[in-house]
Amino acid sequence: MRFETDAIHAGHRPDKAYGAISVPIYQSSTFAFEDIGKTSGFEYSRMGNPTRRVLEETIAKLEGGKAGFACASGLAAESVIIHLLNAGDHVIAVEDIYGGTFRLFHDVMTRFGLEFTFIKMDTKEAIESAIKPNTRMIWLETPSNPLLHIVDLEMAAKAAKKHGLISVMDNTFSSPYFLRPLEFGIDIVMHSTTKYLNGHSDVVGGAIVTNTDALTERVAFLHNALGAIAGPFDSWLVLRGIETLPIRMKQHEINATAVARFLKTHPAVSRVFYPGLEDHPGHELAAKQMKGFGGMVSFEMRGGLEAVNNFLRKVKVFTMAESLGGMTSLAGHPATQSHASMSREQREKIGINESLVRLSVGLENVDDLLEDLAQALA
Ligand SMILES: *Cc1c(COP(=O)(O)O)cnc(C)c1O
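Given the structure is predicted, the values throughout are model-derived calculations rather than measurements. (Residues numbered from 1 in each chain as written. Predicted model: local features only at pLDDT ≥ 70, side-chain atom pairs only at ≥ 80, totals over all residues. Heavy atoms only, no water.)

## Remarks on the nonpolar core
And step 1. The biggest cluster of nonpolar side chains holds 117 residues, and the ones touching the most others in it are I82, M137, W139, L263, F299, F311 and L359.
And step 2. Of the domains in this structure, domain 1 (3-242) and domain 2 (246-377) are the two that each give at least three residues to this core. (Core = buried A, V, L, I, M, F, W, Y, C linked by side-chain atoms within 4.5 Å. Buried < 20%, exposed > 50% of the residue type's maximum accessible area, 1.4 Å probe, protein only. Domains from an automatic or database assignment.)

## As for the pairing of strand β12 (residues 356-360)
And step 1. In terms of residue burial, β12 counts as a mostly covered element, since five of its five residues are buried.
And step 2. With five bridges connecting them, strand β9 (residues 296-301) and β12 associate as antiparallel partners. Directly across from V297, in β12, lies its bridge partner L359.
And step 3. The pairing of strand β11 (residues 330-332) with β12 spans three bridges and is classified as antiparallel. Residue pairing for β12: G332 is matched across the bridge by R358. (Helix = DSSP H or I, 4+ residues; strand = E, 2+ residues; numbered from the N terminus. Pairing = 2+ DSSP bridges.)

## Re the site of the ligand
And step 1. Close contacts around the ligand come from 15 residues, with G74, D170, S192, T194 and K195 the closest.
And step 2. Between the ligand and the protein, one listed contact pairs an oxygen atom with a side-chain N or O atom of T194 at 2.8 Å.
And step 3. One of the side-chain nitrogen or oxygen atoms of K195 is found 2.7 Å away from an oxygen atom of the ligand.
And step 4. Out of a free accessible area of 390 Å², the ligand has 92% covered by protein chains.
And step 5. When atoms are counted within 2 Å of each cavity's grid points, the one that captures over half of the ligand is the second largest pocket.
And step 6. Here the shell around the ligand is composed, by residue class, of five nonpolar, six polar and four charged. (Near = heavy atom within 4 Å. Polar contact = N/O pair within 3.5 Å; in protein donor to acceptor, adjacent residues only side chain to side chain. Areas by Shrake-Rupley, 256 points an atom, 1.4 Å probe, with all protein chains shown as cover. 1 Å grid on protein atoms, 1.4 Å probe; cavity = no way out; pocket = protein on both sides within 12 Å on 5 of 7 lines; lining within 4 Å. Sits in = over half its atoms within 2 Å of the grid points. Nonpolar A, V, L, I, M, F, W, Y, C, P; charged D, E, K, R; others polar.)

## Re the packing of aromatic side chains
We describe a pair of aromatic rings using the distance from one ring centre to the other and the angle between the two ring planes.
And step 1. Going through the model one piece at a time under the given rule, you end up with 10 aromatic pairs.
And step 2. Ring geometry for F102 versus F118: centroids 4.9 Å apart, planes at 50°, classification tilted. Residue F102 is found in helix α4 (residues 99-108), and its partner F118 is found in strand β3 (residues 115-119); the two are separated by 16 residues along the sequence. Accessibility classification places F102 together with F118 in one group, the buried group.
And step 3. Of the aromatic side chains, those joined through ring pairs into one cluster are F102, F105, F116, F118 and W139. (Phe/Tyr/Trp six-rings, centres within 6.5 Å; stacked < 30°, edge-to-face > 60°.)

## Concerning the sheet that holds β3
And step 1. With mixed pairing, seven strands are arranged side by side in an open sheet as β1-β7-β6-β5-β4-β2-β3. Strands with a single pairing partner mark the edges of an open sheet, and in this sheet they are β1 (67-71) and β3. Across this sheet, the average inter-strand angle for adjacent strands is 20°, counted without regard to direction.
And step 2. Contacts from helix α6 (residues 153-162) reach β4 (135-141) and β5 (166-170), with the element oriented near 170° to β4. (Axes fitted to C-alpha atoms, helices over the stretch in contact; angles between N-to-C directions. Contact = heavy atoms within 4.5 Å.)

## Looking at helix α8 (residues 213-226)
And step 1. The end-to-end C-alpha separation of α8 is 20 Å, in line with the 20 Å expected for 14 residues at 1.5 Å each.
And step 2. Of the residues flanking the end of α8, it is G227, one or two places downstream, whose phi is positive at about 75°. (Expected span 1.5 Å × (residues − 1).)

## Some points on the sheet that holds β9
And step 1. Read from one edge of the open sheet, five strands run β8-β9-β12-β11-β10, paired in mixed fashion. Whereas interior strands pair on both sides, the edge strands pair on one side only; in this sheet they are β8 (269-273) and β10 (319-320).
And step 2. Across the sheet, helix α12 (residues 304-314) lies against β9, β10, β11 and β12, angled at about 130° from β9, the strand it touches most.

## Quick look at the pattern of salt bridges
Pairs can form between side chains of opposite charge once their charged atoms are near each other.
And step 1. Across all of its chains, the model carries 16 salt bridges by this definition.
And step 2. Ionic pairing is found between K158 and E154, a salt bridge with its closest N-O pair at 3.8 Å. Here E154 and K158 lie together in helix α6, a separation of four residues that amounts to about one turn.
And step 3. The class of K158 is exposed, set by a relative accessible area of 56%.
And step 4. Judged by relative accessible area, E154 falls into the partly exposed class, the value being 38%.
And step 5. Here R344 and E348 are joined by a salt bridge, their closest N and O atoms 3.3 Å apart. You can see R344 and its partner E348 sitting in helix α13 (residues 344-350), four residues apart, about one turn around the helix. (Salt bridge = Lys/Arg side-chain N within 4 Å of Asp/Glu carboxyl O.)

## Quick notes on the layout of surface pockets
And step 1. Size it by volume and the largest pocket reaches roughly 420 Å³.
And step 2. As for the largest pocket, its lining consists of 21 residues, of which L147, R271, F273, H280 and P281 are closest to the centre.
And step 3. Among the elements of the structure, α10 (245-264) and β8 are those that each provide at least two residues to the lining of the largest pocket.
And step 4. If you tally residues by element for the lining of the largest pocket, the top one is β8, at five residues.
And step 5. Residues that form the lining of the largest pocket fall into these classes: nine nonpolar, five polar and seven charged.
And step 6. What the second largest pocket holds in volume is close to 330 Å³.
And step 7. Surrounding the second largest pocket, 21 residues form its lining, L75, Y98, S192, T194 and K195 being those nearest its centre.
And step 8. For the lining of the second largest pocket, the secondary-structure elements that each account for two or more residues are α3 (74-82) and β6 (188-192).
And step 9. The greatest single-element share of the lining of the second largest pocket, amounting to three residues, is contributed by α3.
And step 10. Residue classes in the lining of the second largest pocket are distributed as six nonpolar, nine polar and six charged.
And step 11. Of the residues that make up the lining of the second largest pocket, three or more belong to each of domain 1 (3-242) and domain 2 (246-377). (Points joined across faces, edges and corners; volume = space filled by probe spheres on them.)

All quantities given are derived from atomic positions and should not be read as evidence of function.
See below:
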């Protein structure tokens, strides 16, 4: 089946018990055994839950992977993946990584003996020169947050394979509708389902999709052993969100393109970051590996922090808030919100300054979005 159909039909649907069209919410911690050693397929909801299972099958299908795992948050998914490693192992990660991922790596996992190097992954040489004898994993994010930097996934996956590294890609910004990293040879895809997959700003959730039997087995073990699971109701909400993912993503892109083009012409704006713009440094690569450019637009304002603060106070349709990927348009300030967990030095190294604003362009009427930006920038 095609993507739109899988988004609605993948997994065990309709429900076997009564044929319910909406996947039932199996709000149960435990399940009756039929006999010693004989179960209905479920025993205890940390190990597996029927509602969660449909979500896991659906995400796996949409990413084109072998198995899916639904987690309590994007960071819970990342915690599971990073536990594939042992103390003493080394990870190469993109430098403009999501702030919470940076915090997990830099402030938590280093205490357990993992080492991290953060680099710009623009070339095979850049990756290879960061490889050490103890390197085991490479962690990618493209388009990156918040500067929408593009990494060549085929190049990165090849470099990882050549050196026996596990490649992990955070696909939160694109969703599988616009980008399917496993097709380029990536081993593991992860999501904050909080964002586009759920799409309604009412769940915090995460997901992992694996592409080999060996990794599936190890991730399944860790998902249960660490207890990083999504609850049945949250799983149901994400499933419900995914059913409209294709039409939402199409409209996010239409609105974001209009917003990026508008900002580009505005005198109060000095720079616009959107991979759909022809002059974005990663435009050609993005056009090659993605089916769409997504709904995130970042820009720098003239006039520094004061101008940004004025703008954020004045927007009415956009709301000043963290997060992204929902129907509601949001405006954020990475330096003090999503990337506050990075040191100023690290932020400046990767180009996040105080003048930077990040927009999650939502599904409101695009003319209302443009008029709102115009009055707030005036
Ligand atoms: C939000 C986000 C995360 C973390 O996900 P949570 O659901 O907030 O734990 C990870 N990566 C990216 C790109 C994100 O935007």
